[in-house]
Amino acid sequence: DNLFEWHVRLHQIDPESDLAGDLRELHIPNILLHLIFPENFPFAPPFMRVIEPRIEKGFVMEGGAICMELLTPRGWASAYTVEAVVMQFAASVVKGQGRVARAPPRPSREFSRRRAEEAFRSLVKTHDKYGWVTPALSDG
């Protein structure tokens, strides 16, 4: 209904990863992502978050926000495609040792778009102040 909002189902991640094992064990067929495109896309990055399942670690923050420099104005390039962004997320969540959350969420931690946007703004502010760590090329 809205060209500026997409739901993307990620069906494949590294099959050898712990996250892939969690997905198989829990019979979860995919990771559902929510992308919101600004009016000036592709000159500004989309906002992207994980909707389900709830993922711990793997650069996934409160509300499903995703900590990736490429999703910030500083790290974005207009040549990036949605497919490339989703593929980068798939690699990052595995590299960050993401796992499906097993414990029920604490009532104080709302899992919503608003919470994800707050978490993302906070992490961008922190990284703008202290910089982003770029892994060694040998790390993938």
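Preceding this section is the structure that the text describes.
Given the structure is predicted, the values throughout are model-derived calculations rather than measurements.

A. Structural detail: the overall build of the chain. Looking only at helices and strands, the chain has three helices and five strands in total. Scanning the chain from its N terminus toward the C terminus, one meets helices and strands in the order β-α-β-β-β-α-β-α. When contacts within the chain are restricted to residue pairs at least 6 apart in sequence, long-range pairs at least 24 apart make up 67% of them. Of the roughly 8,800 Å² of accessible surface on the chain, 54% is carried by carbon and sulfur atoms.

B. The sheet that holds strand E1 (residues 5-10), seen in detail. Taken in spatial order, the three strands of this open sheet run E1-E2-E3, and their pairing is antiparallel. What marks the edges here is a single partner per strand, and that holds for E1 and strand E3 (47-52). The mean inter-strand angle of the sheet, taken between neighbouring strand axes irrespective of direction, is 25 degrees. Where E1 meets strand E2 (residues 31-36), six bridges bridge the pair, whose relative direction is antiparallel. Within E2, the residue paired with His 7 across the bridge is His 34. On top of the sheet, helix H2 (residues 82-95) reaches E1, E2 and E3; it is set at about 50 degrees to E1, its chief contact.

C. The arrangement of the nonpolar core in detail. Core analysis: the biggest nonpolar cluster contains 36 residues, and Ile 13, Ile 31, Leu 33 and Phe 89 have the highest contact counts within it. The set of elements that each furnish at least two residues to this core consists of E1, helix H1 (18-25), E2, E3, H2 and helix H3 (113-130). Here the element with the most residues in this core is H2; it accounts for seven residues. Residue contacts for Ile 31: discarding those within four places in its chain leaves Val 8, Arg 9, Leu 10, Ile 13, Leu 19, Leu 23, Val 50, Glu 52, Pro 53, Ile 55 and Phe 89.

D. Examining the pattern of salt bridges more closely. On inspection of all chains with the given rule, the structure shows nine salt bridges. Close ionic contact of Glu 5 with Arg 113 constitutes a salt bridge, the shortest N to O distance being 3.6 Å. Here the residue Glu 5 occupies a position in strand E1, and Arg 113 occupies one in helix H3, the gap between them amounting to 108 residues. Given the relative accessible area of 29%, Glu 5 is considered partly exposed. The class for Arg 113 is partly exposed, based on a relative accessible area of 31%.

E. Here's a closer look at the environment of Leu 32. Turning to its location among the elements, Leu 32 is positioned in strand E2. Put simply, Leu 32 and His 11 are 21 residues apart on the chain and 8.9 Å apart in space, counted from C-alpha to C-alpha. Not counting chain neighbours up to four residues away, the residues in contact with Leu 32 comprise His 7, Val 8, Arg 9, Arg 49, Val 50, Ile 51 and Glu 52.

F. The arrangement of the environment of Ala 116 in detail. Along the chain, Ala 116 turns up in helix H3. A relative accessible area of 0% means that Ala 116 is categorised as buried. For the pair Ala 116 and Phe 47, spaced 69 residues apart in sequence, the C-alpha to C-alpha distance is 9.5 Å.

Each value, and the rule that gives it
Residues numbered from 1 in each chain as written. Predicted model: local features only at pLDDT ≥ 70, side-chain atom pairs only at ≥ 80, totals over all residues. Heavy atoms only, no water. Helix = DSSP H or I, 4+ residues; strand = E, 2+ residues; numbered from the N terminus. Contact = heavy atoms within 4.5 Å. Areas by Shrake-Rupley, 256 points an atom, 1.4 Å probe, with all protein chains shown as cover. Pairing = 2+ DSSP bridges. Axes fitted to C-alpha atoms, helices over the stretch in contact; angles between N-to-C directions. Core = buried A, V, L, I, M, F, W, Y, C linked by side-chain atoms within 4.5 Å. Buried < 20%, exposed > 50% of the residue type's maximum accessible area, 1.4 Å probe, protein only. Salt bridge = Lys/Arg side-chain N within 4 Å of Asp/Glu carboxyl O.

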